[in-house]
Every structure is written in C-alpha cells, then in structure tokens.
Amino acid sequence: SAVISQKPSRDICQRGTSLTIQCQVDSQVTMMFWYRQQPGQSLTLIATANQGSEATYESGFVIDKFPISRPNLTFSTLTVSNMSPEDSSIYLCSVESDRGDRGGNIQYFGAGTRLSVL
Amino acid sequence: AQKITQTQPGMFVQEKEAVTLDCTYDTSDPSYGLFWYKQPSSGEMIFLIYQGSYDQQNATEGRYSLNFQKARKSANLVISASQLGDSAMYFCAMREGQGYSTLTFGKGTMLLVSP
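Residues numbered from 1 in each chain as written. Chains lettered and ligands numbered in written order. Predicted model: local features only at pLDDT ≥ 70, side-chain atom pairs only at ≥ 80, totals over all residues. Heavy atoms only, no water.

Caption draft 1: Layout of the interface of chain B and chain A. Facing 22 residues of chain B, the contacting portion of chain A comprises 25 residues. Both sides together, the interface formed by chain B and chain A hides about 1,800 Å², and carbon and sulfur atoms give 54% of it. Across the chain B-chain A interface, the total number found is one salt bridge. Of the charged contacts in the structure, one is a salt bridge between B:Arg95 and A:Glu96, with a shortest N-O distance of 3.0 Å. Here chain B is connected to chain A by seven residue pairs in polar contact (both at pLDDT 80 or more). Elements supplying a minimum of two residues to the side of chain B that touches chain A: strand E5 (32–39), strand E6 (46–52), strand E7 (60–61), strand E10 (88–96) and strand E11 (103–105) of chain B. In terms of residues, the side of chain B that touches chain A owes the most to one element, E5(B), which gives three residues. (Contact = heavy atoms within 4.5 Å. Buried area = accessible area lost by both parts, 1.4 Å probe. Salt bridge = Lys/Arg side-chain N within 4 Å of Asp/Glu carboxyl O. Polar contact = N/O pair within 3.5 Å; in protein donor to acceptor, adjacent residues only side chain to side chain. Helix = DSSP H or I, 4+ residues; strand = E, 2+ residues; numbered from the N terminus.)

Caption draft 2: Focus on the pairing of strand E9 (residues 74–79) of chain B. All names here are of chain B. Extensive coverage of E9 is indicated by the burial of five of its six residues. As defined by bridge partners, strand E3 (residues 19–21) adjoins E9 across three bridges and the pair is classed as antiparallel. When the bridges of E9 are listed, valine 19 appears paired with isoleucine 79. As paired elements, strand E8 (residues 64–69) and E9 share six bridges and run antiparallel to each other. Looking at the pairing, asparagine 67 lines up with asparagine 76 of E9. Once E8 ends, the chain turns through four residues before running back antiparallel as E9, passing lysine 73 with a positive phi of about 55°. (Buried < 20%, exposed > 50% of the residue type's maximum accessible area, 1.4 Å probe, protein only. Pairing = 2+ DSSP bridges.)

Quick look at the structure:
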C-alpha cells in the first residue's frame, strides 16, 4: 500500500486568507485525488491531479478557488483560496495503488487536513 | 438516483459480537469495484476491504468480510468479534469501469461498540 503524508493535519484560519495543503507519497503515482468532507457529510471529489497537466475539476469546484499543483509523481498541493466559514471541512488527498496478486486498484488516503475558518 | 446507499445512519453492537453494515449500489457498468473504509474520529480514511465485480468469492480481510450479492446489488460489510476500537464511521464506495476512475461514497454508518 502507498504511504501518504499530508500536512498540515489541522489549521484554524481567518476569513479571506488562503491555505496550502501538501500531500507527499512514498512512491510514484500517476494520479492523485483531492476530496472535501464537510462536517457530518460524506466525501466529495474536488479534482484529479495528473503530473504535468492541469487538474480536472468536478462540478461545483473551480480552479480559482482550489488551485492544485502537481510538480512531480510523488507530490501535490491543494490551495483553498479566499476562505470563508463554509470552507471549514476535512480535506483529504488520495492515490491509487495496485495490490498486485491480491487484485484491484485501491485508493489510499492521507490522514487529512482539518480546516476551520473563522 | 444515488449510486451508493447506506441506510443505517447508526449501529450499536456489543463487544465480541458480529455486526453487518448495509450497502447497496447502482450501476449499469459490468466492471466495477466496491470498497469499505473506516474513519475514526481522527479523520483519516482507512481502507478495509475491496470486492471486484468479477470476483467469484466474497472478499475477506481478517475480521472483515464482504457479503457480495451481485443480483441484489448489495455489498454489506460484516465485522466479526467487534472490538471497542471498531467504533468509527464506515463508508461504502464504488468505482465504475476499469483503469483509473474516481470513487463515489455513500453517506456512511456510525458504528458504536459498547463493552
């Protein structure tokens, strides 16, 4: 399985500021995924990040609000821009890893970033 | 229509007993994968078990097993011999198609294990 380091683990931010979340993987992966989990809700995909190309955003998410970088095959960042209290959520990055003989491509997640916006 | 339905907002079980968490799914793609994740209060998402649509046998991972009923489109998670540390939110998820594609998650079931 892939080991994913995500930081910061939590932050409290002021309205109107921006926060960049980092995601580091211990192996090279083609795609990285960014999810948002609003309080008491399930996970919603924000975007898929391929190395060397623009991220693909899901409906309801735009690049100006959630710019993503993917400079290499082991690292990605998600920025939450011009934050408002509605952005208070857990943000998670994930990667897909092949289990080999056991079959199946599994998405493994980082520990998440718990963001509170005042 | 929802692609993943988890009808149990919360479940209670006593320590050492078995518990089943329900999940039904909706897809017209013959190739898909079903996943279960555990999310403790810390917020991390922990992969538990995977079932491919073409797998002949139900998946098992230690105390976790997946009761896969393809015709009924259900993929229930069975946790045997519950432990206090099993108390967490559990999410069922599906990936449609082959190759890289995104996961769709259900709303989750909160499991509380009592002594």
